[in-house]
Amino acid sequence: MLLLKGKPVADKIRENILSAVEDCKAKGLDLPKLAIMRAGEEPDDIAYENRIIKNCDSLGIEVKTVVVNRDIDMDEFMDILSELNQDPKIHGILVFRPLPKQLDLDVISRAVKAVKDIDCMNPINIQKVFEGDTSGILPCTPEACIEILKYYGYDLTGKNVAIVNRSMVLGKPLSMLFLLENSTVTICHSKTKDLPKVTRNADIVVTGVGRAKFFGNEYFSEQSVVVDVGINYEDGGLCGDVDFDSVSDKVSAITPVPGGVGTVTSMILLNNVIKAMKLQKKG
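Residues numbered from 1 in each chain as written. Predicted model: local features only at pLDDT ≥ 70, side-chain atom pairs only at ≥ 80, totals over all residues. Heavy atoms only, no water.

A.B. asks: Just checking my understanding: could you explain the overall build of the protein chain for this structure?
C.D. replies: Helix and strand content of the protein chain: 10 helices and 11 strands. Over its C-alpha atoms the protein chain spans a radius of gyration of 19 Å, differing by no more than 12% from the 19 Å that the globule rule assigns to 283 residues. When contacts within the protein chain are restricted to residue pairs at least 6 apart in sequence, long-range pairs at least 24 apart make up 71% of them. Counting every atom, the protein chain has about 13,600 Å² of accessible surface; 49% of that belongs to carbon and sulfur. If you average the places of the 34 positive and of the 40 negative side-chain charges in the protein chain, the two averages end up 4 Å apart. (Helix = DSSP H or I, 4+ residues; strand = E, 2+ residues; numbered from the N terminus. Rg over C-alpha atoms; globule rule 2.2 N^0.38 Å. Contact = heavy atoms within 4.5 Å. Areas by Shrake-Rupley, 256 points an atom, 1.4 Å probe, with all protein chains shown as cover. Lys, Arg positive; Asp, Glu negative; His and termini not counted. Charge placed at Lys NZ, Arg CZ, Asp CG, Glu CD.)

Next comes the structure, spelled out in structure tokens:
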């Protein structure tokens, strides 16, 4: 069994970011800069923000944090977002979710400039993916899945792929990315008949149901390459959607949780700041 660790993939992306930052320094250009919008003082948001800032510091990406009251009204939120959109020194914008209920996520998602939208909230960026255009900013987790498989040398052409998730965050855009690699894709969900049979017959299985250790041996064959996107908390620790201990001795390859897709996703998010900066220079 091959363990598809995320760290070497993330390290490769990190090298790309560091190279871009050094290039900016050498040319006397503004450094890449990320703006984070956070509503309130939710502990999980603060912890996430601190991790991002730490990573940015190590990469040479500047960070501007904008913290607003949890009870902020829509007009004020949009005014602040507009200022970030118009600021030429801000290259990427990250709006923490979930937002307070008085804020309209749909409106806010469309308001973030597509070329600054590092979290792929704006429908314009999703639309590009569905049109087969990868020149824009791609959704982070789907891109992480593809990057891991490519890093470990998998030729995706002609491969049968089963994705157990049909959301716009993961399943649907990821299916488009696999199609661009000439894979044959089946999107599965809670109403899929005989799900174990579908996944067993796939070369690659991507799981994203948010249920701890849901997928056991019956879902896989000895040839299965498993990409576990699930992040669950059980018995005080992190685990994936796949029952790793029972499945790892059977399948051909599998991503661990933690240390797999999430590790790569985090680095792709920051690489999107670099992508955004380059897109704005072209514009």
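A.B. asks: How should I be thinking about unusual backbone geometry in this particular structure?
C.D. replies: Comment: phi is negative for the bulk of residues other than glycine, and the bulk of peptide bonds are trans. Put simply, Arg97 and Pro98 share a cis peptide bond, and its omega is 5°. Relative to the elements of secondary structure, Pro98 occurs in the loop between β4 (92–95) and α4 (105–111). Following Val257, the chain continues into Pro258 via a peptide bond in cis, with omega recorded as 0°. Tracing the backbone through its elements, the reader meets Pro258 in the loop between β11 (253–254) and α10 (261–282). We note that Cys120 has phi near 55°; this positive angle belongs to a residue other than glycine. Summarising the element assignment, Cys120 is placed in the loop between α4 and α5 (123–130). The class for Cys120 is buried, based on a relative accessible area of 8%. (Buried < 20%, exposed > 50% of the residue type's maximum accessible area, 1.4 Å probe, protein only.)

A.B. asks: Please clarify how the layout of surface pockets should be interpreted in this entry.
C.D. replies: To locate leftover empty space, one rolls a probe as large as a water molecule over the atoms. If you add up the space inside the largest pocket, you get close to 1,900 Å³. Here the residues of the lining of the largest pocket are counted per class, giving 28 nonpolar, 13 polar and 9 charged. (1 Å grid on protein atoms, 1.4 Å probe; cavity = no way out; pocket = protein on both sides within 12 Å on 5 of 7 lines; lining within 4 Å. Points joined across faces, edges and corners; volume = space filled by probe spheres on them. Nonpolar A, V, L, I, M, F, W, Y, C, P; charged D, E, K, R; others polar.)

A.B. asks: Teacher, can you tell me more about a nonpolar patch on the surface here?
C.D. replies: The grouping of Ile231, Tyr233 and Leu238 at the surface amounts to a nonpolar patch, some 360 Å² of accessible area in total. Mapped onto the elements of the fold, Tyr233 is located in strand β9 (residues 232–234). Note on Tyr233: relative accessible area 69%, which makes it exposed. (Patch = residues over 30% accessible without salt bridge, like charges linked within 9 Å, V, L, I, M, F, W, Y side chains within 5 Å. Salt bridge = Lys/Arg side-chain N within 4 Å of Asp/Glu carboxyl O.)

A.B. asks: Quick question: what am I supposed to make of the nonpolar core here?
C.D. replies: One recurring pattern in soluble globular proteins: nonpolar side chains tend to sit buried together. Within the largest apolar cluster, 50 residues are counted, with the highest numbers of intra-cluster contacts made by Ile17, Leu34, Ile52, Phe178 and Val206. A per-element tally of this core places α10 first, with 10 residues. Ignoring anything within four residues of it in the chain, the contact list for Val206 reads Cys145, Ala162, Ile163, Val164, Leu174, Phe178, Val227 and Val229. In this structure, Ala39, Ile72, Leu84 and Leu99 belong to the second largest nonpolar core, which totals 19 residues. (Core = buried A, V, L, I, M, F, W, Y, C linked by side-chain atoms within 4.5 Å.)

A.B. asks: Explain the packing of aromatic side chains to me, please; I cannot follow it from the model alone.
C.D. replies: For any two aromatic rings, the description comes down to two numbers: the centre-to-centre distance and the angle of the planes. For the structure shown, the criterion picks out 6 aromatic pairs. Summarising the aromatic geometry, the rings of Phe214 and Tyr219 are spaced 5.8 Å apart at their centres and angled 45° between planes, so their arrangement reads as tilted. Among the residues examined, Phe214 registers a relative accessible area of 28% and is labelled partly exposed. Of the residues examined, Tyr219 reaches a relative accessible area of 9% and is grouped as buried. Among the aromatic side chains, those forming a connected cluster through ring pairs are Phe214, Phe215, Tyr219 and Phe220. (Phe/Tyr/Trp six-rings, centres within 6.5 Å; stacked < 30°, edge-to-face > 60°.)

A.B. asks: Any chance you could explain the pairing of strand β6 (residues 184–188) here in plain terms?
C.D. replies: Walk down a regular strand and you will see the side chains alternate between the two sheet faces. Relative to β6, strand β5 (residues 160–164) runs parallel, the two being bridged by 5 bridges. Its bridge partner lying in β6, Ile163 is registered against Ile187. (Pairing = 2+ DSSP bridges.)

A.B. asks: Which parts of the structure should I look at to understand the environment of Lys281?
C.D. replies: Along the chain, Lys281 turns up in helix α10. Lys281 sits 190 residues away from His91 along the chain, and the two C-alpha atoms are 9.9 Å apart. In this structure, Lys281 is in contact with Cys24 and Leu29, ignoring residues within four places of it in sequence.

None of this, on its own, says anything about what the molecule does.
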